Amino acid sequence: MDRRPIGVMDSGLGGLSVLRVLRDQLPDESLTFVGDQGHFPYGTKSQEEICRLSLSIGHFLVEQGAKMMVIACNTATGAALPTLQRELPIPVVGVIEPGAKAALATGAKTVGVIGTESTIKNGAYAATINRLAPDVKVISHPAQPLVSIVEHGKTGTSESQAAVDDILSVFDQEPVDSLVLGCTHFPFLTNEIQRKMGDSVHLVDPAIETVQEVKRILTEGDLLAPAGNGDQAVHLYSTGDKLDLQAGANQWLNGMYETCNHLDL
C-alpha cells in the first residue's frame, strides 16, 4: 500500500478529463496535477521542446513524491513517453496505446483520429493501431483549433458547435466507425462532436482505458492507496494563470480539489 500521490500532467486544462476519471475510478488516490498553461499550446511546438517541458514537469512531480506519472496529453505522449520512462525513477503511462486499444475494442474497421497538429504529424495513433491491427484503416485529421475552444471556456456554445462542424467535415467524405478523441481537451466537446458525427459513430475517450492501465500497474506493484484511508487530496498547479485552471476545475471537477497554485518551472 502506498499513500503517495499519482502525478498527472497536461499542456493545459485538457488533462482534467483524465483527472476526473482517475478520481472517479480510484477514489482513494491522491492526485497532483500540473497544467503547463504557461507554455500552451504544445500542438504547434517541436518534439524536442515538448520533450524538454514534459521532462521538467516529470522531475517536479517526482520531487512532490509522486509514485507514478500519467501523461494526460496525447501530444506529450507522442513526443516524450520513451524519454520519461527512461529518465524518471517511477512508472510513466501515456494515453496513446490505451486509446488505440480502446478504439479497436469497438470492432471498428475504419478508425478516425483527431488531435493536435503535433499528434497527427507524429502519426503515433495510426502506427499503434496498425501495429495492433494491420487491417484497420486509420483516417487522421488535425483539429488544433478545438483545443483553444476548451481552454477559453467556450464548450457548449454555438461557436464550439460551428468549429466542430467545420473541422470534422472531412469525415463527411470519409466516414468512420469510431473516432478517437486524440487530445485530452476533446472529451469536453463530446456533445458537439457526437452531434456532428452522428449516433452511429463510437467516440473513444482514451482516458477511460488509460486509467485502467494505471490501476493495473498500481495493483501489480502493490502501490494502491489503502481503501477508505480518508486522507486523499487533489492538488493543482498551473505554470500560467492559476485562475484559469481554477475555473476549469470548478466546472469539470465540480470544485473537488484542495489547492490550486502557480508553478514556475
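In the block above lies the structure referred to throughout.
Below is a short write-up of the structure.

Points about empty space enclosed by the protein
Then step 1. The tally for this structure, following the rule as stated, stands at one cavity of 30 Å³ or more.
Then step 2. Counted as a void, the largest cavity has a volume near 80 Å³.
Then step 3. Taken together, 15 residues form the lining of the largest cavity, with Ser 11, Cys 73, Thr 75, Thr 116 and Cys 183 sitting closest to its centre.
Then step 4. When its residues are assigned to classes, the lining of the largest cavity shows six nonpolar, nine polar and no charged.

Observations concerning the environment of Ile 114
Then step 1. With respect to the secondary-structure elements, Ile 114 resides in strand β5 (residues 110-115).
Then step 2. Residue class for Ile 114 comes out buried when judged on its relative accessible area of 0%.
Then step 3. It is 31 Å that separates the C-alpha atoms of Ile 114 and Asp 264, two residues lying 150 residues apart in sequence.
Then step 4. Ignoring sequence-local partners within four residues, the contact set of Ile 114 consists of Ile 120, His 141, Ala 143, Leu 168, Phe 171, Leu 179, Val 180, Leu 181, Gly 182, Cys 183, Phe 186 and Ile 193.

What to know about the pattern of salt bridges
Then step 1. Summed over all chains, the structure comprises eleven salt bridges.
Then step 2. Across the salt bridge formed by Glu 97 and Lys 101, the nearest N and O atoms sit 3.8 Å from each other. Here Lys 101 and Glu 97 lie together in helix α4 (residues 96-104), a separation of four residues that amounts to about one turn.
Then step 3. A salt bridge links Arg 216 to Glu 213; the shortest N-O distance between them is 2.7 Å. One end of the pair, Arg 216, and the other, Glu 213, are both in helix α11 (residues 206-220), three residues apart, so they sit about a helical turn from each other.
Then step 4. Owing to a relative accessible area of 25%, Glu 213 belongs among the partly exposed residues under this scheme.

Remarks on the packing of aromatic side chains
Then step 1. Going through the model one piece at a time under the given rule, you end up with two aromatic pairs.
Then step 2. Judged by centre distance (5.2 Å) and plane angle (80 degrees), the rings of Phe 60 and Tyr 237 are edge-to-face. Of this pair, Phe 60 sits in helix α2 (residues 47-63) while Tyr 237 sits in strand β9 (residues 234-238), placing them 177 residues apart in sequence.
Then step 3. For Tyr 237, a relative accessible area of 15% corresponds to the buried category.
Then step 4. Aromatic side chains Phe 188 and Trp 252 sit 3.9 Å apart centroid to centroid with 20 degrees between the ring planes, which places their arrangement in the stacked category. Taken together, the residues Phe 188 in the loop between β7 (178-181) and α10 (190-197) and Trp 252 in helix α12 (residues 242-252) connect sequence positions 64 residues apart.
Then step 5. Its relative accessible area of 9% is what places Phe 188 among the buried residues.

Comments concerning the sheet that holds strand β6 (residues 137-142)
Hydrogen bonds along the backbone pair up the strands of a sheet, which may run parallel or antiparallel.
Then step 1. Strand order in the open sheet formed by four strands is β6-β5-β7-β8, and the pairing between neighbours is parallel. Where the open sheet ends on each side, the last strands, each with one partner, are β6 and β8 (202-204). Recorded for the sheet is a direction-independent mean angle of 20 degrees between the axes of neighbouring strands.
Then step 2. In this structure, β5 lies alongside β7, joined through four bridges in parallel fashion. Pairing of Val 111 across the sheet is with Ser 178, part of β7.

Examining the sheet that holds strand β10 (residues 259-262)
Then step 1. Overall, parallel pairing links the six strands, which are arranged β4-β3-β1-β2-β9-β10 in an open sheet. Single-partner strands in this sheet number two, and they are β4 (92-93) and β10.
Then step 2. Against the sheet, helix α3 (residues 74-87) engages β1 (6-10), β3 (68-71) and β4, with an angle of about 160 degrees to β3.

Here's the deal with the layout of surface pockets
Gaps left between atoms show up when a probe the size of a water molecule is rolled over them.
Then step 1. There is about 310 Å³ of room inside the largest pocket.
Then step 2. Contributing to the lining of the largest pocket are 19 residues, with Leu 81, Gly 94, Ile 96, Glu 97 and Pro 98 lying nearest its centre.
Then step 3. Of all the secondary-structure elements, those providing two or more residues to the lining of the largest pocket are α3, β4, α4, α6 (124-132) and α11.
Then step 4. For the lining of the largest pocket, the element with the highest residue contribution is α3, accounting for five residues.
Then step 5. Within the lining of the largest pocket, the residues separate by chemical class into nine nonpolar, six polar and four charged.

Thresholds applied
- Residues numbered from 1 in each chain as written.
- Predicted model: local features only at pLDDT ≥ 70, side-chain atom pairs only at ≥ 80, totals over all residues.
- Heavy atoms only, no water.
- 1 Å grid on protein atoms, 1.4 Å probe; cavity = no way out; pocket = protein on both sides within 12 Å on 5 of 7 lines; lining within 4 Å.
- Points joined across faces, edges and corners; volume = space filled by probe spheres on them.
- Nonpolar A, V, L, I, M, F, W, Y, C, P; charged D, E, K, R; others polar.
- Helix = DSSP H or I, 4+ residues; strand = E, 2+ residues; numbered from the N terminus.
- Buried < 20%, exposed > 50% of the residue type's maximum accessible area, 1.4 Å probe, protein only.
- Contact = heavy atoms within 4.5 Å.
- Salt bridge = Lys/Arg side-chain N within 4 Å of Asp/Glu carboxyl O.
- Phe/Tyr/Trp six-rings, centres within 6.5 Å; stacked < 30°, edge-to-face > 60°.
- Pairing = 2+ DSSP bridges.
- Axes fitted to C-alpha atoms, helices over the stretch in contact; angles between N-to-C directions.

Interpretation note: all reported values are geometric properties and have no functional meaning in isolation.
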